[in-house]
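# Structural description and commentary
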Amino acid sequence: MNLAGKKVLLGVSGGIAAYKSCELLRLLQKKGAEVRVCMTEAATQFVAPLTFASLSKCPVYLKNGTMEARPFQHIDFPRWADLYLVVPATANVIGKFACGIADDPVSLCFMSCTCPRVIAPAMNVAMYNSPAVKRNLAVLREFENTTVLESPAGVLACGEVGQGRLMEPAEIVAYLEGASLPLAPVSPGCTKVGEPVEPSATPSPRGSTPKTPDASVLKTAELPPAQDPTLPGYGKKVLITAGRTEEAIDPVRYISNRSSGKTAVAIAATFLANGFDVSVVAGPMEAEFPGGVHVTKIKSARDMHKAVLEQMKNADVLVHCAAVADYRPKVAATEKIKDSRSQLILELEPNPNILRDSVAQKRADQVIIGFALETDHFKEHAAEKLKKSGADALLLNAPVAANSGFGFDEVRYTLIRAAVPANANAVQVEIPEMKMGSKIDLAQEIVDFSLDKLKNA
Ligand SMILES: Cc1cc2nc3c(=O)[nH]c(=O)nc-3n(C[C@H](O)[C@H](O)[C@H](O)COP(=O)(O)O)c2cc1C
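Residues numbered from 1 in each chain as written. Predicted model: local features only at pLDDT ≥ 70, side-chain atom pairs only at ≥ 80, totals over all residues. Heavy atoms only, no water.

### Some points on the confidence of the model for the protein chain
Averaged over all residues, the pLDDT of the protein chain is 83; the fraction at 70 or higher stands at 83%. Of all secondary-structure elements in the protein chain, the lowest mean pLDDT belongs to helix H9 (residues 215–218), at 27, while strand S13 (residues 317–320) reaches the highest, 98. (pLDDT = per-residue confidence, 0-100. Helix = DSSP H or I, 4+ residues; strand = E, 2+ residues; numbered from the N terminus.)

Pasting the structure below:
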């Protein structure tokens, strides 16, 4: 879409990212677009309407049914527009759009506009992942003429990491320029302000035939994730293993463990926030990855082994975070094992060692980080594992404190780095003290270590 000469209505709702709409407005103007603004009352607590009025050189549409709004502003503004952008879109207005509630300028304009609508959600990760917001966004994606932009993952204004950031204004503009958004299909009887009323049988006032938007163009899930060349990991790729594995006993039973996948999600989100291209090979897990992460789903340790060895050649950093089953049943029954109430002995055999085999294929410019979960003598065991594996570092975590480890956000951990001193030929390991921290702290330490290693590779 060529933005030059386009009339853009900018709807601003009450999220912390509202200030970014000022930058968006300026960028749109630089591209030659004319911009007008409507705001929710909550949005006016984040940015003064006077700012938008000054930038757009037009009064902002603020309140309904008061003398501050012209009587038909909720119709005039949308009808004037070639494009309605809602940036940022709060969970609240998204809910209203999806349900057909129109009790503020932004939701009223959404309902009464007939031009293409582009919505950029922005909110805390827990809100973004809440069932209500997910459902409402899914409903909006099905609306005609409506595009929902994918929220990138990253560090959020509240300090948490995950999906829910506002897409950067420059990226929104780049998206609009690349998208072949249709001109508004104007409904019979509707005219643009200042334009003559046309008989309903004639073509639309802009002479275009009303089109249904091409879904493939408007679905932005296929958009590449935000790639910011100023971020330290820009141009680098990380492959992360995640979740647990399931080792079949019979078609309905398996051996597994309690890994929730939360640590891998924190690691993936932190690499993403640092500009890396992030891929994961993920076993079953409860936690969900932010948008922009490429996920290969597997079930067993052998599936994970195969996928990792295939994909690692593309990676600069490899993080072995998955809780892989060390053993699997020697034979998986093809039929469900019947309950005979007599003793059943399962014979187990070792699974392939994914960390060791990936280190065997490692290039000199790659960084590999293993994980060790120990419940006793953890320092000795972890040091031994690091030396044997040949990895660059090992994240040792020990679920020994109450409320830490599987499924929780806090973990007891330390990152052990392998070093070969100049005058020695064996790997030396010094284990820093274990500490309690969030999975995000742990992830940040892994990212910092990887960046440091890549710089010196
Ligand atoms: C400091 C602060 C920041 C907020 N940031 C967001 C946000 O980024 N996204 C969101 O959906 N809600 C956010 N909220 C909550 C909304 O402001 C609140 O749901 C409000 O009712 C939204 O109104 P609106 O949708 O009419 O603008 C925030 C609230 C506060 C106090």
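Having seen the model, we can carry on.
### Things to note about helix H11 (residues 301–311)
Those residues of H11 not exposed but buried are Ala301, Met304, His305, Ala307, Val308 and Leu309. On its buried face, H11 sits against strand S8 (237–242), strand S9 (247–250), strand S11 (277–282), S13 and helix H12 (354–360). (Buried < 20%, exposed > 50% of the residue type's maximum accessible area, 1.4 Å probe, protein only. Contact = heavy atoms within 4.5 Å.)

### Details of the sheet that holds strand S4 (residues 117–121)
Judged by pairing direction, the sheet is parallel, and its five strands sit side by side in the order S2-S1-S3-S4-S5 without closing on themselves. In the strand order of this sheet, the two ends are held by strand S2 (34–39) and strand S5 (146–148), each with one partner. Between one strand axis and the next, the sheet turns through 20° on average, direction left out of account. Contacts from helix H4 (residues 91–99) reach strand S3 (83–89) and S4 within the one sheet, and its direction differs from that of S3 by about 135°. (Pairing = 2+ DSSP bridges. Axes fitted to C-alpha atoms, helices over the stretch in contact; angles between N-to-C directions.)

### Quick look at the environment of Pro169
Tracing the sequence through the fold places Pro169 in helix H8 (residues 169–178). Distance from Pro169 to Leu27, taken between C-alpha atoms, is 7.6 Å for residues 142 residues apart in sequence. When near neighbours in sequence (up to four residues on either side) are disregarded, Pro169 contacts Lys20, Glu23, Leu24 and Leu27.

### Digging into the site of the ligand
Around the ligand, 14 residues are found, and the nearest of them are Gly14, Thr40, Thr90, Ala91 and Ala122. For the ligand, an oxygen atom lies 2.6 Å from a polar atom in the backbone of Gly14. Protein coverage of the free-state accessible area of the ligand, which is 640 Å², stands at 62%. Top contributing element to the shell around the ligand by residue count: H4, with three residues. (Near = heavy atom within 4 Å. Polar contact = N/O pair within 3.5 Å; in protein donor to acceptor, adjacent residues only side chain to side chain. Areas by Shrake-Rupley, 256 points an atom, 1.4 Å probe, with all protein chains shown as cover.)

### Comments concerning H4
Counted residue by residue, H4 has seven buried out of nine residues, so it is predominantly covered. Among the residues of H4, Ala91, Val93, Ile94, Gly95, Lys96, Phe97 and Ala98 are the ones counted as buried. Buried-residue contacts for H4 involve S3, helix H5 (105–112), S4, helix H6 (125–128) and helix H7 (131–142). Looking one or two residues past H4, Gly100 carries a phi angle of roughly 80°, positive in sign.

### Considering the state of the cysteines
One pass over the full model with this rule turns up zero disulfides. Unpaired in terms of disulfides, Cys113 finds its nearest cysteine sulfur in Cys115, a separation of 4.2 Å. (Disulfide = S-S within 2.5 Å.)

### So, the packing of H4 against H5
Where H4 meets H5, the closest approach of the two axes is 10 Å, and the angle between their N-to-C directions is 30°. Of the two possible hands of crossing, H4 and H5 adopt the one that is right-handed. For the pair H4 and H5, the contacting residues are Val93, Lys96 and Phe97 in the first and Val106, Ser107 and Phe110 in the second. Of the residues belonging to the contact of H4 with H5, the class tally is four nonpolar, one polar and one charged. (Left-handed = near helix turned anticlockwise from the far one by under 90°. Nonpolar A, V, L, I, M, F, W, Y, C, P; charged D, E, K, R; others polar.)

### Notes on the nonpolar core
Counting 37 residues, the largest nonpolar core has Ile240, Ile267, Phe271, Val278, Phe289, Val319 and Ile446 as its most contacted members. When residues of this core are traced back to their parent elements, those giving at least two are S8, helix H10 (262–273), S11, S13, strand S16 (367–373), strand S17 (393–397), strand S18 (410–419) and helix H14 (439–456). Setting aside anything within four residues of it in sequence, one finds Phe271 in contact with Val238, Ile240, Phe276, Val278, Val317, Val319, Ile446, Val447 and Ser450. Ala18, Val37, Ala53 and Ala120 belong to the second largest nonpolar core, which has 34 residues in total. (Core = buried A, V, L, I, M, F, W, Y, C linked by side-chain atoms within 4.5 Å.)

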